[in-house]
Amino acid sequence: QVQLVQSGGGLAQAGGSLRLSCAVSGRTTDDYGMAWFRQGPGTERDLVAGFTGFGEKYWGDSMADRFAISQDNAKNTVFLQMNNLKPEDTAVYYCAVRLGRYGLALVKPEHFDYWGQGTQVTVSS
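Residue numbers here run from 1 along each chain, matching the order of that chain's written sequence. This being a predicted model, a pLDDT of at least 70 is required before a residue's local features are given, and a value of 80 or more before pairs of side-chain atoms are given or counted; all residues contribute to the totals for chains, interfaces and linings. Note: side-chain values were computed over all heavy atoms of the structure, leaving out hydrogens and water.

(A) Molecular detail of the overall build of the protein chain. Regarding its fold elements, the protein chain presents 0 helices and 11 strands. Starting at the N terminus and walking to the C terminus, you meet the elements of the protein chain as β-β-β-β-β-β-β-β-β-β-β. Our radius of gyration looks at C-alpha atoms and nothing else; its globule reference is 2.2 Å times the residue count to the power 0.38. Computed over the C-alpha atoms, the radius of gyration of the protein chain is 14 Å, within 12% of the 14 Å expected from 2.2 N^0.38 for a compact globule of 125 residues. Under the scheme applied here, a residue whose accessible area is under 20% of the maximum for its type counts as buried, over 50% as exposed, and between as partly exposed, the area being computed with a 1.4 Å probe on protein chains only. Within the protein chain, buried positions represent 42% of all 125 residues. By definition in these notes, contact holds between two residues if any of their heavy atoms fall within 4.5 Å. For the protein chain, restricting intrachain contacts to residue pairs at least 6 apart in sequence, the fraction spanning at least 24 positions comes to 60%. Computed with the Shrake-Rupley method and a 1.4 Å probe, the accessible areas treat only the protein chains shown as cover for residues. When the accessible area of the protein chain is evaluated, it comes to approximately 6400 Å², of which 46% is carbon and sulfur surface. Positive charge is attributed to Lys and Arg, negative charge to Asp and Glu, and no charge count is given to His or to the chain ends. Every charge is mapped to an atom, namely NZ of Lys, CZ of Arg, CG of Asp or CD of Glu. Distance between charge centres in the protein chain, computed from 11 positive and 12 negative side chains, equals 4 Å. Runs of E in the DSSP output that reach at least two residues are strands. Runs of H or I that reach at least four are helices, and both are numbered from the N terminus.

This is how it looks when you write it as structure tokens:
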């Protein structure tokens, strides 16, 4: 099994920055890919950014200019740096993991097996 524990997030003003963390525990010796998704009120869960099972980065539509994904392999932690935040970035953000060594950029929530608890990000104008 894999456990994901998120931290960070909260309230920011438009133009500000926040960083989210996702600590991965459990089967961390296995290869895995992971991604960040977000879900606003009444919307679907959309991809923000992710790593393939080979460690290659990818982004959701229009995400690459303000969102950066990184990882600390030694600590099995993945980060999402969010810059120049906008009110429309308000959402619950989730990290997710899929075990395996794969090269595909997985973009749908149903592609992932394990999920963090979610973190609220609220951006005020």
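(B) Spatial organisation of the nonpolar core. Within this scheme, the nonpolar core is defined by two criteria: the residues are buried Ala, Val, Leu, Ile, Met, Phe, Trp, Tyr or Cys, and they are joined through side-chain atoms within 4.5 Å. By size, the foremost hydrophobic cluster in this structure holds 28 residues, and its most contacted members are Trp36, Leu80, Met82, Tyr93 and Val97. Take this core: its biggest share by element is 5 residues, from strand S9 (residues 91–99). Excluding residues within four positions of it along the chain, Val97 makes contact with Val2, Leu4, Val24, Tyr32, Gly33, Met34, Phe112, Asp113 and Tyr114. Core analysis: the next-biggest nonpolar cluster, separate from the first, contains 8 residues, Ala35, Leu47, Ala96 and Tyr102 among them.

(C) Geometry of the pairing of strand S3 (residues 18–26). Here a strand pair is declared whenever DSSP counts at least two bridges between the two strands. Here strand S1 (residues 2–8) runs beside S3; their pairing, made up of 7 bridges, is antiparallel. When the bridges of S3 are listed, Gly8 appears paired with Leu20.

(D) Focus on the pattern of salt bridges. Salt bridges are defined by distance alone: a side-chain nitrogen of Lys or Arg within 4 Å of a carboxyl oxygen of Asp or Glu. What the rule picks out here adds up to 3 salt bridges. With a closest N to O distance of 3.8 Å, Arg101 and Asp31 form a salt bridge. Note that Arg101 is positioned in the loop between S9 and strand S10 (114–115) and Asp31 in the loop between S3 and strand S4 (32–39), a separation of 70 residues in sequence. Taking relative accessible area as the criterion, Arg101 reaches 55% and is therefore assigned exposed. The salt bridge partner of Asp89 is Arg66, with a shortest N-O separation of 2.7 Å.

(E) Main features of the sheet that holds S3. Taken in spatial order, the 4 strands line up as S1-S3-S8-S7 in an open sheet, and their pairing is antiparallel. Looking along the sheet, the strands with just one partner apiece sit at the ends: S1 and strand S7 (67–72). Averaged over all adjacent pairs, the angle separating strand axes in this sheet is 20°, with direction ignored. A fitted line through C-alpha atoms serves as each axis, taken over the contacting stretch for helices, and the angle formed by two N-to-C directions is quoted from 0 to 180°.

(F) Main features of the environment of Met34. Following the sequence through the fold, Met34 ends up in strand S4. Once the C-alpha coordinates of Met34 and Leu99 are considered, the two residues, 65 residues apart in sequence, prove to be 8.5 Å apart. Non-local contacts of Met34, meaning those with residues more than four positions away in its chain, are made with Gly50, Phe51, Tyr58, Ile69, Val78, Cys95, Ala96, Val97, Tyr102 and Phe112.

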